[in-house]
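The residues making up each chain are set out below.
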Amino acid sequence: MDKIQLEKVDFEPGKSFKLFSPRLRNTFLWHYHPEYELVYVEADAGIRHVGSHISGYTQHDLVLIGSNLPHLNFDYRLRSEYHQIVVQLKEDFMGTAIGITPEFSAIEQLFKKAANGIAFYGNTRALAVQKLKQLPGMGSFQQLMGLMEIFNILAGSNEFTVLNNDELNLQFFLKDKIRMGAVYEYIGSNYNLKPDVNVVAAKVNFTTAAFCRYFKKQTQMTFTDFVNQYRVDVAKNLLMQDKNVTETCYAVGFESLSYFNKLFNKIVGKNPSDFKRDWVGKD
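Small disclaimer: the values here were computed from a predicted structure and weren't measured. (Residues numbered from 1 in each chain as written. Predicted model: local features only at pLDDT ≥ 70, side-chain atom pairs only at ≥ 80, totals over all residues. Heavy atoms only, no water.)

1. Points about empty space enclosed by the protein
So, point 1. The final tally for this structure, using the stated rule, is two cavities of 30 Å³ or more.
So, point 2. In this structure, the largest cavity spans a volume of roughly 80 Å³.
So, point 3. Taken together, Ala45, Gly46, Ile47, Tyr76, Arg77, Leu78, Arg79, Tyr191, Tyr230, Asp233, Val234 and Asn237 make up the lining of the largest cavity.
So, point 4. Within the residue set of the lining of the largest cavity, elements represented by two or more residues are β4 (36-50) and α9 (223-240).
So, point 5. By residue number, the principal contributor to the lining of the largest cavity is α9, which donates four residues.
So, point 6. Classifying every residue of the lining of the largest cavity gives seven nonpolar, two polar and three charged.
So, point 7. In terms of lining, the second largest cavity is formed by Phe28, His49, Ile54, Leu72, Tyr184, Ile187, Gly188, Phe226 and Tyr230.
So, point 8. Residue assignment for the lining of the second largest cavity shows that the elements contributing at least two residues are α6 (177-190) and α9.
So, point 9. By residue number, the principal contributor to the lining of the second largest cavity is α6, which donates three residues.
So, point 10. Residues belonging to the lining of the second largest cavity are distributed by class as follows: seven nonpolar, two polar and no charged. (1 Å grid on protein atoms, 1.4 Å probe; cavity = no way out; pocket = protein on both sides within 12 Å on 5 of 7 lines; lining within 4 Å. Points joined across faces, edges and corners; volume = space filled by probe spheres on them. Helix = DSSP H or I, 4+ residues; strand = E, 2+ residues; numbered from the N terminus. Nonpolar A, V, L, I, M, F, W, Y, C, P; charged D, E, K, R; others polar.)

Put into structure tokens, the structure is as follows:
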């Protein structure tokens, strides 16, 4: 049942952070590490899965993840081209400076909030990403100063969403991250088939009734609702790649086109045809 990995992050000599662009779209990497992580992804649509939170993102995503908070690689199962920038930082990447320097107090609070995962949007994301894309061409010292500037931008913004708001639920989740990793891996592999709650319950050594209670407590959703949310997020990705509504419906595991339309509208706020038309209209 061991479906989570403790990622060992290697740093170059003399550096307190790692800047790279991983490509793992065919790998289900449910993992955690003591290092902080800032992730930026440009993609049509993908899955944002941090701690007990799961949702879809479209076009761009910028997320700050705290120490040892489990998360799925943001490029998992992306079907179209994408670009990703990841920064991993040692917990003490600035020594004691952040905790004792008054000018860094807002950044200190930012990293405390990152324990629950933070997604940024709007002008904040645009400005931070603009500066993030400049880092690869800089020297190590300039990169570190650039990162501090980015964190200062994020720390002073109100354009963010905390991804795991329920502290008690998150702590419970963290204690059981291996079992939840097995559940998520099963859903990711079977969402387009007929995910069987009895099968996944047996995988994690629960009776079906006990698993349903457990899963609802962990995700605030029923197993069926969670699977449907996952399917709709994948469907959005397919529609953005110019797949038609009917083939998208069946590709993500729905057997009724009318039900797919109804559920998509409920979750997204518009039907699949309108969603696709509006997306195409952005070009």
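This is not the end of the story, as more comes after the structure.
2. Quick word on unusual backbone geometry
So, point 1. Despite not being glycine, Gln59 shows a phi value in the positive range, around 70°.
So, point 2. Along the polypeptide, Gln59 turns up in strand β5 (residues 53-65).

3. Regarding the pattern of salt bridges
So, point 1. What the rule picks out here adds up to eleven salt bridges.
So, point 2. For Glu149, the salt bridge identified is with Lys131, shortest N-O distance 3.2 Å. In this pair, Glu149 sits in helix α4 (residues 140-155) while Lys131 sits in helix α3 (residues 122-132), placing the two residues 18 residues apart along the sequence.
So, point 3. Across the pair Asp278 and Lys270 runs a salt bridge whose closest N-O atoms are separated by 2.8 Å.
So, point 4. The network of salt bridges with common partners includes Lys270, Asp274, Arg277 and Asp278. (Salt bridge = Lys/Arg side-chain N within 4 Å of Asp/Glu carboxyl O.)

4. Structural notes on the side chain of His33
So, point 1. Relative to the helices and strands, His33 is located in the loop between β3 (30-32) and β4.
So, point 2. Of the residues examined, His33 reaches a relative accessible area of 1% and is grouped as buried.
So, point 3. Within the structure, His33 has its side chain in polar contact with the backbone oxygen of Glu35 (distance 3.0 Å).
So, point 4. Of note is the side chain of His33, whose polar atom sits 3.0 Å from the side chain of Glu37.
So, point 5. What His33 contacts, discounting residues up to four positions off in sequence, is Leu6, Glu7, Val9, Ser67, Asn68, His71 and Gln88. (Buried < 20%, exposed > 50% of the residue type's maximum accessible area, 1.4 Å probe, protein only. Polar contact = N/O pair within 3.5 Å; in protein donor to acceptor, adjacent residues only side chain to side chain. Contact = heavy atoms within 4.5 Å.)

5. Some thoughts on helix α12 (residues 272-280)
So, point 1. Listing the buried residues of α12 in full gives Pro272, Phe275, Lys276 and Trp279. The buried residues of α12 occupy one face: seen down the axis, they fall within an arc of 95°.
So, point 2. On the buried face of α12, the contacting elements are β4, β5, α9, α10 (245-251) and α11 (257-268).
So, point 3. Where α12 begins, the side chain of Asn271 points an oxygen toward the backbone nitrogen of Ser273, at a separation of 3.1 Å. (Arc of directions from axis to C-beta.)

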